[in-house]
Amino acid sequence: EGTRVKIPASTANLGPGFDTLGMALTLYAWIEMKPAETTLFHFHGDNLEGLPKDKSNLIYKVAQSVFAEAGVSIPELEITMYSDIPLTRGLGSSASAIVGALFAANLLIGSPLGLEKLFDMATALENHPDNVGASLFGGIITAIWDGFHATALRIEPPANLEVLVAIPDFQLSTSKAREVLPKQVGMSDAVYNISRTSLLTAALAAGRLDLIKESMRDRLHQPFRASLIPGMARILEEATLHGALGTALSGAGPTLLSLVDRNSNQAEELEAFLLSVLANEGIPAKTLLLK
Ligand code: HSE
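This is a predicted model, so every value here is computed, not measured.

Time to look at the overall build of the protein chain. For the protein chain, the count of helices and strands is 10 helices and 10 strands. Computed over its C-alpha atoms, the radius of gyration of the protein chain comes to 19 Å, within 12% of the 19 Å expected for a compact globule of 291 residues. Viewed in the frame of its principal axes, the protein chain has a C-alpha envelope of about 60 × 40 × 35 Å. Across the protein chain, contacts joining residues at least 24 apart in sequence account for 70% of those joining residues at least 6 apart.

The structure is reproduced here in structure tokens:
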């Protein structure tokens, strides 16, 4: 009588594809939902203490928006969430909660809303389609959003592609990391990013891992965000010397993401490099090798 969904974490931007590219990661949250006599919540996971346990809870509110859209009334819900996704680290934890809540609620009432509708609703809540698109469709996605409708195309990640994330031990809100961005950009920087986003997308689709290094560079957001993350500038400059195919800030940060060729056997060297740069800045961090 209830539903249970498993939702992947995600990384957004992949360097140049600001608010455009996303990739699902093998790090998950689970949401269970069922009708109840009175609304109650169970949260399991280090990261979840502190979330509201009343009807102001995001998962509850998102579920109610699905019921409203479908013309169904289920005012009281029992909601359970388990999560391995660290909060406010640039790994799409809020997107995974939104997508999980939308999907679980829709499933609970027989899935009257299509995936495209859920994608539009999720994007309107997040204001950008990259994290929610990856959590909803999986794989690598390239997406657009016109303020009403989001459209995404899924690309199958190259078989040898792995992801090494270094997760600094501090939180950085997306709004703070967006406040430092300029309101306008110059034409040459726009072209710099468009060309690299196009090449990166095509390289990922074609499995051309050799093109990732040049195509993952960015001038639209990372240079401005570097001041918020000690060690970031050096990691972006030098990680490819230690085995990364390419490196980027994961979403709005502070997590730093490197793409790795599984066959290169360089993940350990890269991991040591990332942790030492962050440690030099006095920042404890942990790494995870994901796909
Ligand atoms: N594309 C978004 C950003 C992702 O970089 O701000 C953050 O959630």
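Further remarks concern helix α10 (residues 267-280). With 14 residues, α10 extends 20 Å between its outermost C-alpha atoms, agreeing within 8% with the 20 Å of an ideal straight helix rising 1.5 Å per residue. Residues of α10 that are buried sit in contact with β7 (161-168), α9 (232-238), β9 (256-261) and β10 (285-290).

This brings us to the site of the ligand. Residues in close proximity to the ligand include Ala12, Asn13, Phe18, Asp19, His128, Asp130, Asn131, Thr174, Arg178, His221, Gly251 and Ala252, which together make up its full environment. Mapped onto the shell around the ligand, the elements with two or more residues apiece are α4 (130-137) and α5 (174-179). Residue composition of the shell around the ligand, by class: three nonpolar, six polar and three charged.

The next thing to look at is the pairing of β9. Counting buried positions along β9 yields five of six residues, so the element is predominantly enclosed. Pairing geometry for β7 and β9, over six bridges, is antiparallel. Note on β9: the bridge partner recorded for glutamate 162 is valine 260. Pairing of strand β8 (residues 246-249) with β9, which is carried by four bridges, proceeds in the antiparallel orientation. Looking across to β9, one finds that alanine 248 is bridged to leucine 257. The antiparallel pairing of β8 with β9 creates a hairpin that spans six residues between the two strands, and glycine 251 there sits at a positive phi of about 55°.

So, about unusual backbone geometry. At the junction of glycine 253 and proline 254, the peptide bond is cis and its omega measures out at 5° in the coordinates. Inspection of the secondary structure puts proline 254 in the loop between β8 and β9. For leucine 14, which is not a glycine, the phi torsion comes out positive at approximately 50°. With respect to the helices, strands and loops of the structure, leucine 14 is situated in the loop between β1 (3-12) and β2 (21-35). A positive phi angle, near 75°, is found at asparagine 127, a position not held by glycine. On the basis of neighbour count, asparagine 127 is assigned to the exposed category, with 12 C-beta atoms found within 10 Å.

Consider a sheet: its strands pair through backbone hydrogen bonds, and that pairing is either parallel or antiparallel. Spatial ordering of the open sheet is given by β8-β9-β7-β10, a layout of four strands whose pairing is antiparallel. Looking at the sheet topology across the chains shown, the edges are occupied by β8 and β10. Pairs of neighbouring strands in the sheet enclose a mean axial angle of 20°, with direction left out of account.

As annotated in UniProt, the feature "binding site: ATP" (unreviewed entry) corresponds to Pro86, Leu87, Thr88, Arg89, Gly90, Leu91, Gly92, Ser93, Ser94, Ala95 and Ser96 in the numbering used here. As for its position among the elements, glycine 90 is in the loop between β4 (77-83) and α2 (93-108). With residues up to four places along the chain from it excluded, the contact list for glycine 90 reads Leu249, Ser250, Gly251, Ala252, Gly253, Pro254 and Thr255.

Let us now look at the UniProt feature "domain: GHMP kinase C-terminal" (unreviewed entry) in the protein chain. Using the residue numbers shown here, the UniProt feature "domain: GHMP kinase C-terminal" (unreviewed entry) corresponds to residues 202-271. For residues 202-271, helix accounts for 36% and strand for 14%, while the C-alpha atoms at its two ends are 27 Å apart.

Counting 73 residues, the largest nonpolar core has Ala101 and Leu102 as the members making the most contacts within it. Of the residues forming this core, the biggest block, 10 residues, is contributed by α2.

Once that is clear, we can look at the packing of helix α3 (residues 115-126) against α4. α4 packs onto α3 with a crossing angle of 150° between their chain directions and a minimal axis gap of 9 Å. Remark: the crossing between α3 and α4 carries right-handed chirality. For the pair α3 and α4, the contacting residues are Leu115, Leu118, Phe119, Ala122, Thr123 and Glu126 in the first and Asn131, Val132, Gly133 and Leu136 in the second. A per-class count over the contact of α3 with α4 returns six nonpolar, three polar and one charged.

This part is about the environment of tryptophan 145. If you trace the backbone, tryptophan 145 turns up in strand β5 (residues 140-145). Overall, tryptophan 145 belongs to the buried group, with 22 C-beta atoms counted inside 10 Å. Between the alpha carbons of tryptophan 145 and glutamine 184 there is a distance of 19 Å; along the sequence they are 39 residues apart. If near-sequence neighbours (up to four positions away) are discounted, tryptophan 145 is found in contact with Thr123, His128, Pro129 and Ala150.

Calculation notes
- Along each chain, the written sequence defines residue order, and numbers are assigned to residues from 1.
- Predicted model: local features are reported for residues with pLDDT of at least 70 only, side-chain atom pairs are reported and counted for 80 or more only, and whole-chain, interface and lining totals are derived from all residues.
- A helix here means a DSSP run of H or I that spans at least four residues, while a strand means a run of E at least two residues long, and both kinds are numbered starting from the N terminus.
- The size measure is the radius of gyration over C-alpha atoms, and the globule rule it meets is 2.2 Å times the number of residues to the 0.38 power.
- Our contact criterion uses C-beta atoms placed from the backbone: two residues qualify when those atoms are within 7 Å.
- Given a helix with a known number of residues, its expected span is that number minus one, times 1.5 Å.
- By convention here, the C-beta atom is placed from the backbone, and a residue is near a molecule or strand when that atom is within 6 Å of it.
- Residues are sorted three ways: Asp, Glu, Lys and Arg are charged, Ala, Val, Leu, Ile, Met, Phe, Trp, Tyr, Cys and Pro are nonpolar, and all the rest, Gly among them, are polar.
- To sort residues by burial, count the other C-beta atoms lying within 10 Å of each one's C-beta; a count of 20 or more means buried, 12 or fewer means exposed, and anything in between means partly exposed. C-beta atoms are built from the backbone.
- A pair of strands is treated as paired once DSSP finds two or more bridges between them.
- Only the stretch in contact is used when a helix axis is fitted, and all axes are lines through C-alpha atoms; the angle between N-to-C directions ranges over 0 to 180 degrees.
- UniProt positions are given in the numbering used here, feature names are shortened, and annotations may be inferred rather than shown by experiment.
- By convention the nonpolar core is taken to be a set of buried residues drawn from Ala, Val, Leu, Ile, Met, Phe, Trp, Tyr and Cys and joined through C-beta atoms within 7 Å.
- Put simply, a crossing is left-handed when the front helix is turned counterclockwise from the back one by less than a right angle, and right-handed when it is turned clockwise.

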